[in-house]
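Each chain is listed here by its residues.
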Amino acid sequence: PCPDRGFDDVISMISSVESKEVTLELGRIRGSTVVNYCGGVCISAKVGESYGFLAEKCGVDIDYECRTGNCQTCVRRMEFPDKERDLSPDEGKGNLYERTIFHCVGRVPRGYQWLHVLGPCR
């Protein structure tokens, strides 16, 4: 049982088990938001995590120049659902909104199950 543990902690727990067989049940971290990047790359994010950190962690290349948001090099559009009707991206385009985010200074907001960062991606 390790619902709120990080990857390294879980690997350590698995490594210390004496049995040759381990059963894992995968799921999202409670209260997390799935951030979808182009090409189907997804990452489970905690509220307040930096978009730049998340992009780097899942191998999405974002250009930066100033790291303060002034140059707007890292700007992307983000698609997100109405909080009252948090539809998954597969359930159609009803009640979806867009806004601009800056990867260098932007953070994951509270209250969304998913967010979709729109291209360009390399």
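The text that follows walks through the structure, step by step, so that each part is easy to find. (Residues numbered from 1 in each chain as written. Predicted model: local features only at pLDDT ≥ 70, side-chain atom pairs only at ≥ 80, totals over all residues. Heavy atoms only, no water.)

**What to know about the packing of aromatic side chains**
No. 1: Under the definition given, this model contains 2 aromatic pairs.
No. 2: Measuring from centroid to centroid gives 6.0 Å for Phe80 and Tyr97, while their planes differ by 35°, and the two rings are tilted. Taken together, the residues span a long stretch of sequence, with Phe80 in strand β3 (residues 75-81) and Tyr97 in strand β4 (residues 96-102) at a distance of 17 residues.
No. 3: Exposure remark for Phe80: the relative accessible area of 14% places this residue in the buried category.
No. 4: Tyr97 gets classed as partly exposed once you look at its relative accessible area, which sits at 39%.
No. 5: Between Phe80 and Tyr112 the ring centres are 5.6 Å apart and the planes differ by 80°, which places this aromatic pair in the edge-to-face class. Here Phe80, found in strand β3, pairs with Tyr112, found in the loop between β4 and β5 (114-117); they are 32 residues apart in sequence, far enough to count as distant. In this structure, Phe80 and Tyr112 share a single accessibility class: buried.
No. 6: Here the aromatic residues Phe80, Tyr97 and Tyr112 are joined through ring pairs into a cluster of three or more.
No. 7: Here the basic side chain of Arg67 rests over the ring of Tyr64, its NZ or CZ set 4.0 Å away from the ring centre. (Phe/Tyr/Trp six-rings, centres within 6.5 Å; stacked < 30°, edge-to-face > 60°. Helix = DSSP H or I, 4+ residues; strand = E, 2+ residues; numbered from the N terminus. Buried < 20%, exposed > 50% of the residue type's maximum accessible area, 1.4 Å probe, protein only. Lys NZ or Arg CZ within 6 Å of the ring centre and 35° of its normal.)

**Regarding the sheet that holds strand β1 (residues 33-36)**
No. 1: One open sheet holds the 5 strands; their spatial order is β2-β1-β5-β3-β4, and the pairing between them is mixed. The sheet is open, and its two edges are formed by β2 (42-45) and β4, each paired on a single side. Across the sheet, the mean angle from the axis of one strand to that of its neighbour is 25°, orientation sign disregarded.
No. 2: Inspection of the sheet shows β1 paired to β5 by 3 bridges, in the parallel sense. (Pairing = 2+ DSSP bridges. Axes fitted to C-alpha atoms, helices over the stretch in contact; angles between N-to-C directions.)

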